[in-house]
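Observations on chain architecture
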Amino acid sequence: MPRVNSLADADRVWIVGGPGCGKSTLARVLAERGGLEPVTLDALYWGPEWKPQPTAEFLALVENELGADRWIVDGQFPDAVTAFAHRADCVVWVDPPMHVSWPRLFRRTLRRWIRRERLWGGVRETLWSVIGPRSILWYALKQRGPQQQANQRLFDQLKETGVLLVHAQDSDVRSLLK
């Protein structure tokens with residue numbers, strides 16, 4: 001039996017899903033409603049020049065953020081999900097169709113490149129990071145299946161733990177807020 005009955009009742013929410021699916025949008029709205037700052041795993045994971053934090057340091061940063069009684073986390077990094085997702089009252093898997101999430105991701109990535117927006121670790125999108133082999137656009141295409149499988153395994157592991165599991169396949173994450 002879940003510890004909470006709905007997303008609205010949850011004090012600790014973990015949001016997973018692929019790039020461009022709406023994780024950060026949902027986290028931002030939930031955090032604003034609850035008077036919280038969302039915890040974005042990308043901000044904890046990525047350092048300067050797209051260099052990832054060492055695993056132990058990354059997990060220590062996540063652990064520090066989860067010390068509060070209430071939190072909203074968005075992110076899909078396997079080490080963090082494995083170590084901490086069971087602490088959530090609710091895990092939301094945002095999983096819109098690819099024909100919805102990929103164009104969103106494309107527009108966001110292009111906007112960040114054109115506007116020269118600073119991202120985590122102070123990096124900016126470059127033409128190469130937009131279209132090159134390490135592009136988030138290519139990553140999203142290659143990782144969709146594996147991420148869906150990982151999230152299904154996560155839900156299978158958590159289903160008897162009291163964590164409320166929400167699998168949102170709608171094209172708009174705001175449908176979860178009604």
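See the structure above.
The structure presented is a predicted model; accordingly, all values stated were derived computationally and were not measured.

Moving on to the overall build of the chain. Along the chain, the regular secondary structure elements total 7 helices and 5 strands. Counting helices and strands in the order they occur from the N terminus, the chain gives β-α-β-α-α-β-α-β-α-α-α-β. At 16 Å, the chain has a C-alpha radius of gyration in line with the 16 Å of a compact globule built from 178 residues. Seen through its C-alpha atoms, the chain measures out along the principal axes to roughly 50 × 35 × 30 Å. Taking all 178 residues of the chain together, 41% fall into the buried category. Within the chain, contacts between residues at least 6 apart in sequence are counted, and of these 74% link residues at least 24 apart. For the chain, the computed accessible surface area is about 9,900 Å², with 53% contributed by carbon and sulfur atoms.

Note on sheets: strands pair through backbone hydrogen bonds, and any given pair is parallel or antiparallel. Strand order in the open sheet formed by 5 strands is β2-β3-β1-β4-β5, and the pairing between neighbours is parallel. The open sheet terminates on both sides in strands that have one partner only, identified here as β2 (39–40) and β5 (164–168). As defined by bridge partners, strand β1 (residues 12–16) adjoins strand β3 (residues 71–74) across 4 bridges and the pair is classed as parallel. Note that in β3 the partner of Val-13 across the bridge is Ile-72. Sitting on the sheet, helix α7 (residues 136–158) touches β1, β4 (90–94) and β5, and the angle it makes with β4 is about 160 degrees.

Let's shift gears to the environment of Ala-168. For Ala-168, the position within the fold is in strand β5. Residues Ala-168 and Trp-93, spaced 75 residues apart in sequence, show a C-alpha to C-alpha distance of 6.0 Å. If we skip the residues at most four places from it in the chain, Ala-168 touches Trp-93, Val-94, Asp-95, Pro-96 and Leu-176.

Of all 5 residues that make up β1, 4 are buried, and the element is covered over most of its length. Across 4 bridges, β1 lies against β4 in parallel orientation. Residue pairing for β4: Trp-14 is matched across the bridge by Val-91.

We now examine the packing of aromatic side chains. Scanning the model with the defined rule gives 9 aromatic pairs in all. On the numbers, 4.8 Å between centres and 90 degrees between planes, the contact of Tyr-45 with Trp-46 is edge-to-face. Residue class for Trp-46 comes out buried when judged on its relative accessible area of 18%. Judged by centre distance (5.6 Å) and plane angle (70 degrees), the ring pair of Phe-58 and Phe-77 falls under edge-to-face. In this pair, Phe-58 sits in helix α3 (residues 55–65) while Phe-77 sits in the loop between β3 and α4 (78–84), placing the two residues 19 residues apart along the sequence. Side by side, Phe-58 and Phe-77 carry an identical accessibility label, which is buried.

Here we come to empty space enclosed by the protein. For the coordinates displayed, the defined rule picks out 1 cavity of 30 Å³ or more. As for the largest cavity, its lining consists of 15 residues, of which Gly-17, Gly-18, Pro-19, Arg-144 and Gln-147 are closest to the centre. Elements represented by at least two residues in the lining of the largest cavity include exactly β4, α5 (98–115) and α7. Residue contributions to the lining of the largest cavity peak at 5 residues, all from α7.

The rules behind the values
Residues numbered from 1 in each chain as written. Predicted model: local features only at pLDDT ≥ 70, side-chain atom pairs only at ≥ 80, totals over all residues. Heavy atoms only, no water. Helix = DSSP H or I, 4+ residues; strand = E, 2+ residues; numbered from the N terminus. Rg over C-alpha atoms; globule rule 2.2 N^0.38 Å. Buried < 20%, exposed > 50% of the residue type's maximum accessible area, 1.4 Å probe, protein only. Contact = heavy atoms within 4.5 Å. Areas by Shrake-Rupley, 256 points an atom, 1.4 Å probe, with all protein chains shown as cover. Pairing = 2+ DSSP bridges. Axes fitted to C-alpha atoms, helices over the stretch in contact; angles between N-to-C directions. Phe/Tyr/Trp six-rings, centres within 6.5 Å; stacked < 30°, edge-to-face > 60°. 1 Å grid on protein atoms, 1.4 Å probe; cavity = no way out; pocket = protein on both sides within 12 Å on 5 of 7 lines; lining within 4 Å. Points joined across faces, edges and corners; volume = space filled by probe spheres on them.

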